[in-house]
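Now for the letters of each chain:
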Amino acid sequence: MTKKIIALLLVLVLCAAAACYFLLPRPVIQDPENAAIQYIVIQKDPYYQEDTSDYYLWEPKSEADRAVEREILAYLAQSQETRTLRTNTDPDTYPLTWKCMYILVDTDPGDTATSLEERGILLGPIQFQEGENPAQYENAVNISYNPAPGPGLLGRFNGDLADPDGIRAFVLNALDLPADFL
């Protein structure tokens, strides 16, 4: 009888831990002081790019860029997400014709042994062209994800961003881009 009770308690503890992992909000970036933005890209898939306004790349290189990087990382540390059971590994699930913002953050830039310590953030556009269906890709945008899943199980899951519009607006403002750029 006691073995059954112990097994039941163990199952309950595991279920509670899983519920906490998937239901409780967490910061998008856990440790902004030990993180670095590798790049921010705003683009359509290269096949669908019509002009130079369909592509923008920002990489922090100068001291001024590093200050902007710290502001963005601090904002991402205050922004919340909840993890999901989804993993977006299929490129066909992404909206290739939409202009999206991709932010790649190295969460442990000083550690070369674990180069898979990255978190990507994918933000969809604010405005859509006539005839586009935003619900078609609702699980593929406004998420955080691990671009190169490592050996761990939990790092593979996407996170649903609580305020993607706020993140989008903050990053566009920090990069001195117009609000309607994306």
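Residues numbered from 1 in each chain as written. Predicted model: local features only at pLDDT ≥ 70, side-chain atom pairs only at ≥ 80, totals over all residues. Heavy atoms only, no water.

A. Summary view of helix α3 (residues 164-174). Among the residues of α3, Pro164, Gly166, Ile167, Arg168, Val171, Leu172 and Ala174 are the ones counted as buried. Each element contacted by the buried residues of α3 is listed here: β2 (36-43), α2 (63-78), β5 (100-106), β6 (118-123) and β8 (159-161). Looking one or two residues beyond α3, the residue adopting positive phi is Asp176, at roughly 60 degrees. (Buried < 20%, exposed > 50% of the residue type's maximum accessible area, 1.4 Å probe, protein only. Helix = DSSP H or I, 4+ residues; strand = E, 2+ residues; numbered from the N terminus. Contact = heavy atoms within 4.5 Å.)

B. Representation of the packing of α2 against α3. Where α2 contacts α3, the two axes come as close as 10 Å, and the packing angle between them is 170 degrees. Between α2 and α3, the angle is such that the two are roughly antiparallel. Residues Val68, Glu71, Ile72, Tyr75 and Leu76 of α2 touch α3, and the partners they reach there are Gly166, Ile167, Phe170, Val171 and Ala174. (Axes fitted to C-alpha atoms, helices over the stretch in contact; angles between N-to-C directions. Parallel < 35°, antiparallel > 145°, perpendicular 65-115°, else oblique.)

C. Just the pattern of salt bridges, in detail. Counted under the stated rule, the structure contains four salt bridges. A salt bridge links Arg168 to Asp165, with the shortest nitrogen-to-oxygen separation between them at 2.5 Å. With a gap of three residues between them, Arg168 and Asp165 both fall in helix α3, about one helical turn apart. Take Arg168: its relative accessible area is 1%, and that puts it in the buried class. (Salt bridge = Lys/Arg side-chain N within 4 Å of Asp/Glu carboxyl O.)

D. Fine view of the nonpolar core. If you look at the biggest cluster of nonpolar residues, it comprises 26 residues, and the most contacted ones within it are Ile40, Ile72, Met101 and Leu175. Secondary structure elements with two or more residues in this core: β2, β3 (55-58), α2, β5, β6 and α3. Sequence-distant contacts of Ile40, defined by excluding residues within four places in its chain, comprise Tyr56, Leu57, Trp58, Ile72, Met101, Tyr102, Ile103, Val171 and Leu175. In this structure, Trp98, Cys100, Ala140 and Val141 belong to the second largest nonpolar core, which totals eight residues. (Core = buried A, V, L, I, M, F, W, Y, C linked by side-chain atoms within 4.5 Å.)

E. Representation of the pairing of β2. Judged by how many residues are buried, β2 sits mostly within the fold: six of eight residues are covered. Pairing geometry for β2 and β5, over seven bridges, is antiparallel. When the sheet's bridge partners are listed, Ile42 is paired in β5 with Met101. Two elements, β2 and β3, share four bridges in a ladder whose sense is antiparallel. (Pairing = 2+ DSSP bridges.)

F. Structural context of the sheet that holds strand β1 (residues 26-27). Spatially, β1-β4-β8-β7-β6-β5-β2-β3 is the arrangement adopted by the eight strands of the open sheet, whose pairing is antiparallel. Edge positions in the sheet fall to β1 and β3, since each has one partner strand and no second. Those strands touched by α2 are β1, β2, β3, β4 (80-83), β5 and β6, and its axis lies near 85 degrees from that of β2. α3 contacts β2, β5, β6 and β8 of the sheet and is inclined by roughly 80 degrees relative to β5.

G. Representation of a nonpolar patch on the surface. A contiguous nonpolar patch, built from Ile5, Leu8, Leu9 and Leu12 and spanning about 390 Å² of accessible area, is present on the exposed surface. In this structure, Leu8 sits in helix α1 (residues 2-23). Overall, Leu8 belongs to the exposed group, its relative accessible area being 52%. (Patch = residues over 30% accessible without salt bridge, like charges linked within 9 Å, V, L, I, M, F, W, Y side chains within 5 Å. Areas by Shrake-Rupley, 256 points an atom, 1.4 Å probe, with all protein chains shown as cover.)

H. A look at the side chain of Ser79. Along the chain, Ser79 falls in the loop between α2 and β4. When near neighbours in sequence (up to four residues on either side) are disregarded, Ser79 contacts Arg26, Pro27, Val28 and Ile167.

I. Structural detail: the side chain of Thr84. The residue Thr84 is located in the loop between β4 and β5 in this model. Overall, the relative accessible area of 10% leaves Thr84 in the buried class. Contacts of Thr84, omitting those with residues within four sequence positions, involve Phe22, Phe157, Asn158 and Asp160.

All quantities given are derived from atomic positions and should not be read as evidence of function.
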